[in-house]
Each structure stands twice: as C-alpha cells, then as structure tokens.
Amino acid sequence: GTALSFARFGQGTGPIWLDDVFCTGSESELLECPHNGIGNHNCRHFEDASVRCSSVPCSYGDIRLADGSTSYEGRVEICNDGTYGTVCDDFWDDDDADVVCRQIGYFGGTALSFARFGEGSGPIRIIRMSSQWYWQS
C-alpha cells in the first residue's frame, strides 16, 4: 500500500491510539509494529494516518458481497480466473444463502433475488439449472 499523511481522507474525532509507528512491512497486524504504546502520542487529528491499498487478485471460488449497506449483505460475487463476477439467482434459495454466508464467516443467511443490491458489472460466473451449478465463461 501507499502511506498518506495529514488526514488525507478526513480527520478522526475519537481517541488517537497510536503514534510513531515503525513497521518493517513483514508484520501481519499493525499492533505488531513498534510504536510508542497504546494512547501515548503527541498528535492532533490533522495528522491522522491514511492508506491506499493495492488490490489483491481474488482466488478461484472466493466470495464477496457487493453494494450492501453492511458487510453481511449484498450482491453475491464469486471469483474465477482472477475476476469477480455475479451469480445468477435462478433457483436461488435460503440453502444457497446459508452456504455463502458460512463461507465468508457468518452463521447463515436469507436468499434475496432480482438484483436487490443492484446489477453487477462483471460477467455472470455461475448459473443454476435445477440442482446443478454450471460455470459460465
């Protein structure tokens, strides 16, 4: 990613928890990086850190939810050949929704159809005919 300074995306309003963070780049979490200690700082919110991340290509079968108002709802998109595409809602039901929700770390789900979260812009990757799933190029 690219480090951006001086509250590039706006100033925060709550506590400032970290200051003088010195990551090497190999850490898996920010709190693994050396810093002054939680809550120890000499900053003001105009110095809030920002970041622009590089996108990670998706892997075959990865699922994401797009354009919902929360992280646990949205249009179902699945990865194939490094690109996300949509899933057609033919025969889509709550059993399908349960599988998707479990795959992304939730307990279960409810099927919503007819582009409830807007139409996707990528290819339709999967269609369902009766009880069989088919990849579509």
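Below is a short write-up of the structure. Model, not experiment: these values are computed from the prediction.

**Examining the overall build of the chain**
Then comes step 1: Helices and strands together make up the secondary structure of the chain, namely 1 helix and 7 strands.
Then comes step 2: Along the chain, from the amino end to the carboxyl end, the secondary structure elements read β-β-β-β-β-α-β-β.
Then comes step 3: The proportion of buried residues among the 137 residues of the chain is 27%.
Then comes step 4: Considering only contacts within the chain whose residues lie at least 6 apart along the sequence, 50% involve residues at least 24 apart.
Then comes step 5: A total of about 9800 Å² of accessible surface is found on the chain, and carbon and sulfur atoms cover 51% of it.

**Notes on a nonpolar patch on the surface**
Then comes step 1: A cluster of nonpolar side chains, W17, L31 and I38, forms an exposed patch at the surface whose accessible area comes to about 360 Å².
Then comes step 2: Within the secondary structure, W17 is located in the loop between β1 (2-4) and β2 (50-52).

**Some words on the state of the cysteines**
Each disulfide consists of one covalent bond between the sulfur atoms belonging to two cysteines.
Then comes step 1: Counted under the stated rule, the structure contains 2 disulfides.
Then comes step 2: C23 shares a disulfide with C33; S-S distance 1.9 Å. Measuring handedness by torsion sign, the sulfur bridge of C23 and C33 sits at about 100 degrees and is right-handed. Of the two residues, C23 sits in the loop between β1 and β2 while C33 sits in the loop between β1 and β2, which places them 10 residues apart along the sequence.
Then comes step 3: C23 gets classed as partly exposed once you look at its relative accessible area, which sits at 40%.

**A few points about unusual backbone geometry**
Then comes step 1: For D67, which is not glycine, the phi torsion reads 65 degrees and is therefore positive.
Then comes step 2: Mapped onto the elements, D67 comes out in the loop between β3 (63-66) and β4 (75-80).

**Regarding the pattern of salt bridges**
Then comes step 1: Counted by the stated rule, this structure contains 3 salt bridges.
Then comes step 2: Note that E77 and R64 form a salt bridge whose closest N and O atoms lie 2.7 Å from each other. Of this pair, E77 sits in strand β4 while R64 sits in strand β3; the two residues are 13 residues apart in sequence, bridging distant segments of the chain.
Then comes step 3: Residue R64 is classed as partly exposed on the basis of its relative accessible area of 38%.

**Focus: the side chain of E77**
Then comes step 1: On the basis of relative accessible area, E77 is assigned to the buried category, the value being 6%.
Then comes step 2: Here the side chain of E77 touches R64 through a polar contact of 2.7 Å, side chain to side chain.
Then comes step 3: In this structure the side chain of E77 is engaged in a polar contact, spanning 3.0 Å, whose partner is the side chain of R75.
Then comes step 4: In this view, E77 contacts D62, I63, R64, A66, Y84, G85 and T86; residues no more than four positions away in its chain are not counted.

**Regarding the environment of V76**
Then comes step 1: Tracing the sequence through the fold places V76 in strand β4.
Then comes step 2: On the basis of relative accessible area, V76 is assigned to the buried category, the value being 15%.
Then comes step 3: Each C-alpha atom, one on V76 and one on L65, is 5.0 Å from the other, the two residues being 11 residues apart in sequence.
Then comes step 4: Not counting the four nearest positions on each side in its chain, V76 is found in contact with I63, R64, L65, G85, T86, V87, W92 and V100.

Rules used throughout
- Residues numbered from 1 in each chain as written.
- Predicted model: local features only at pLDDT ≥ 70, side-chain atom pairs only at ≥ 80, totals over all residues.
- Heavy atoms only, no water.
- Helix = DSSP H or I, 4+ residues; strand = E, 2+ residues; numbered from the N terminus.
- Buried < 20%, exposed > 50% of the residue type's maximum accessible area, 1.4 Å probe, protein only.
- Contact = heavy atoms within 4.5 Å.
- Areas by Shrake-Rupley, 256 points an atom, 1.4 Å probe, with all protein chains shown as cover.
- Patch = residues over 30% accessible without salt bridge, like charges linked within 9 Å, V, L, I, M, F, W, Y side chains within 5 Å.
- Salt bridge = Lys/Arg side-chain N within 4 Å of Asp/Glu carboxyl O.
- Disulfide = S-S within 2.5 Å.
- Polar contact = N/O pair within 3.5 Å; in protein donor to acceptor, adjacent residues only side chain to side chain.

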